Amino acid sequence: MSANWTDVVVVARHDTTPRIAVFDLARTDGGELGEYEPGAHIDVTVEEGGKAGRLDLIRQYSLCGPPDLRKQYRIAVLNDPASRGGSRAMHAVAEGDTLRISAPRNRFGLSSARRHLLLAGGIGITPLLSMAQALDAAGGDYQLHYCVRSREDAAFAEDLERHPRVTFHYDDQPAPQRLDMERDAGPPDADTALYVCGPGGFMDHVLGRAAELGWPSSALHKERFSAPANAGEPEQGADGAFTVRLSSTGVEYTVAADENVLDVLLANGFDAPYSCGQGICGECIVRVRAGDPDHRDDVLTDEERAEGMFTPCSSRSRTPLLELEL
Ligand code: FES
């Protein structure tokens, strides 16, 4: 959980579609907000029922305004009937209400590739929009493919429709204009990085087709809103209790089969950082000193896992003891 919150006021709110509201946030004290890189997100606290400011609900939203704007942050929130309550609460927030936000975090930044292929599904447009704006400002080479149910559901459509680097793909339109990974992404090339953000089914389709087309995982950059359907499934023999040891003190805790490491640390008064609690944001990452982790996150790269990174909110241990660098 973020230790440092900033009080902000909603200085403007408008609906970009019937279900997507856009909020512009500024510090209540008039100061500047922290710098961020395109693709970053913030935690936002909102009280269930609409009043803002209490730590009732904490949700992550990508920053989708121009990244060089220091006086305001912009977020866009889909009112999703299937959500856990955060989006409904946010949609009850009005201009003039105050919220508390964390500093921006980013595990979905632009790579050093020469060309960037941005693939957005629905509200997944938000982090990719800030990437597109940054690339426009820097004269970068990119294409943005925006897949959405219908024209009515397309956020920021009026601006994006005029943009020569943006292609829309509508679910309710004839098949030829829908996203075709073979045509729209094609085979990998060493100079191009692919970025994808959107609902789980869309992400799985894009990443699956990219893998079939030969794209290496190192060229694929993704950000999920929720854990994939198979997240948390145990590897064989890895679903029982185990012991976690903190390397700094040698203190050991038992993690029961129905607990996770993060909850055990928090229950024992350990001030561990976390945010999503689902293995998708990377806020809780720690290093493993000993033992064999059973990774159940969807945020660490193969290289990071090989370097001993571990997400205590979602991952477990295949060995009876796991020692963490804490
Ligand atoms: S809290 Fe988000 S990955 Fe662990």
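Residues numbered from 1 in each chain as written. Predicted model: local features only at pLDDT ≥ 70, side-chain atom pairs only at ≥ 80, totals over all residues. Heavy atoms only, no water.

As for the side chain of aspartate 153
Phase 1 of the analysis: Note that aspartate 153 resides in the loop between β8 (141–148) and α3 (157–161).
Phase 2 of the analysis: Within the local environment of aspartate 153, its side chain forms a polar contact with the side chain of serine 150, the two groups lying 2.7 Å apart.
Phase 3 of the analysis: Apart from residues lying up to four places away in sequence, aspartate 153 is in contact with Thr17, Arg19, Ile20, Tyr146 and Val148. (Helix = DSSP H or I, 4+ residues; strand = E, 2+ residues; numbered from the N terminus. Polar contact = N/O pair within 3.5 Å; in protein donor to acceptor, adjacent residues only side chain to side chain. Contact = heavy atoms within 4.5 Å.)

Some remarks on the nonpolar core
Across soluble globular proteins, you tend to see nonpolar side chains buried next to one another.
Phase 1 of the analysis: The biggest cluster of nonpolar side chains holds 29 residues, and the ones touching the most others in it are Leu128, Leu144, Tyr146 and Leu160.
Phase 2 of the analysis: In terms of residues, this core owes the most to one element, helix α2 (residues 125–138), which gives six residues.
Phase 3 of the analysis: No fewer than three residues from each of domain 1 (6–101) and domain 2 (115–223) sit in this core.
Phase 4 of the analysis: Leave out the neighbours within four places in its chain, and leucine 144 touches Leu118, Ala120, Ile125, Leu128, Leu160, Arg165, Val166 and Thr167. (Core = buried A, V, L, I, M, F, W, Y, C linked by side-chain atoms within 4.5 Å. Buried < 20%, exposed > 50% of the residue type's maximum accessible area, 1.4 Å probe, protein only. Domains from an automatic or database assignment.)

A few points about the layout of surface pockets
Phase 1 of the analysis: In this structure, the largest pocket spans a volume of roughly 1200 Å³.
Phase 2 of the analysis: Breaking the lining of the largest pocket down by element, the ones donating at least two residues are β4 (57–62), β5 (73–78), α1 (86–91), β8 and α5 (200–212).
Phase 3 of the analysis: Counting residues per element, the lining of the largest pocket draws most heavily on β4, which supplies four residues.
Phase 4 of the analysis: Here the second largest pocket defines a volume of roughly 670 Å³.
Phase 5 of the analysis: For the second largest pocket, the lining is made up of 23 residues, of which Ser217, Leu220, His221, Lys222 and Thr301 are closest to its centre.
Phase 6 of the analysis: At the level of elements, α5, β11 (220–223) and α7 (302–306) are the ones that each hand at least two residues to the lining of the second largest pocket.
Phase 7 of the analysis: Residues that form the lining of the second largest pocket fall into these classes: eight nonpolar, five polar and 10 charged. (1 Å grid on protein atoms, 1.4 Å probe; cavity = no way out; pocket = protein on both sides within 12 Å on 5 of 7 lines; lining within 4 Å. Points joined across faces, edges and corners; volume = space filled by probe spheres on them. Nonpolar A, V, L, I, M, F, W, Y, C, P; charged D, E, K, R; others polar.)

Regarding the side chain of threonine 126
Phase 1 of the analysis: Mapped onto the secondary structure, threonine 126 falls in helix α2.
Phase 2 of the analysis: Looking at threonine 126, its side chain comes within polar contact range of the main-chain oxygen of isoleucine 123, at 3.1 Å.

Side note on the sheet that holds strand β18 (residues 321–324)
In any sheet, the strands associate via hydrogen bonds between backbone groups, in a parallel or an antiparallel arrangement.
Phase 1 of the analysis: Strands sit in the order β13-β12-β18-β14-β16 across an open sheet of five strands; the sheet is mixed. With partners counted over all chains shown, the strands left at the sheet margins are β13 (252–255) and β16 (309–310), one partner each.
Phase 2 of the analysis: As paired strands, strand β12 (residues 242–246) and β13 are joined by four bridges and run antiparallel to one another. Residue pairing across strands places threonine 243 opposite threonine 254, the latter belonging to β13. (Pairing = 2+ DSSP bridges.)

Here's the deal with the domain arrangement of the protein
Phase 1 of the analysis: Its domain assignment divides the protein into domain 1 (6–101), domain 2 (115–223) and domain 3 (242–324).
Phase 2 of the analysis: Put simply, the middle of domain 1 and the middle of domain 2, counted by C-alpha atoms, are 24 Å apart.
Phase 3 of the analysis: Each partner contributes to the interface: domain 1 provides 18 residues, whereas domain 2 provides 15 residues.
Phase 4 of the analysis: Note on domain 1 versus domain 2: buried area summed over both sides is about 1300 Å², and carbon and sulfur give 62% of it.
Phase 5 of the analysis: The tally of links from domain 1 across to domain 2 stands at four residue pairs in polar contact (both at pLDDT 80 or more).
Phase 6 of the analysis: Counting residues per element, the ones that place at least two in the side of domain 1 that touches domain 2 are β1 (6–17), β2 (20–27) and β5.
Phase 7 of the analysis: Looking at the side of domain 1 that touches domain 2 element by element, the count peaks at three residues for β5.
Phase 8 of the analysis: For the side of domain 1 that touches domain 2, the residue count by class is 10 nonpolar, six polar and two charged. (Buried area = accessible area lost by both parts, 1.4 Å probe.)

With respect to α2
Phase 1 of the analysis: Here α2 is 14 residues long and its end C-alpha atoms lie 20 Å apart, about the 20 Å a rise of 1.5 Å per residue gives.
Phase 2 of the analysis: Taking burial as the measure, the 14 residues of α2 include 10 buried ones, the bulk of the element.
Phase 3 of the analysis: Along α2, the residues that are buried comprise Ile125, Thr126, Pro127, Leu128, Leu129, Ser130, Met131, Ala132, Ala134 and Leu135.
Phase 4 of the analysis: Just past α2, the residue glycine 139 takes up positive phi, approximately 70°. (Expected span 1.5 Å × (residues − 1).)

As for the sheet that holds strand β10 (residues 192–197)
Phase 1 of the analysis: With parallel pairing, the five strands of this open sheet are ordered in space as β9-β8-β7-β10-β11. The sheet is open, and its two borders are formed by β9 (166–170) and β11, each paired with just one other strand. Across the sheet, the mean angle separating the axes of adjacent strands is 15° when strand polarity is ignored.
Phase 2 of the analysis: Here strand β7 (residues 115–121) pairs with β10 via six bridges, running parallel. Opposite leucine 118, over in β10, you have tyrosine 195 as the bridge partner.
Phase 3 of the analysis: On the sheet, α2 packs against β7, β8, β10 and β11 and is oriented at approximately 150° with respect to β7.
Phase 4 of the analysis: Most of the contacts of α5 go to β10, to which it runs at about 155°, and overall it touches β7, β8, β10 and β11. (Axes fitted to C-alpha atoms, helices over the stretch in contact; angles between N-to-C directions.)

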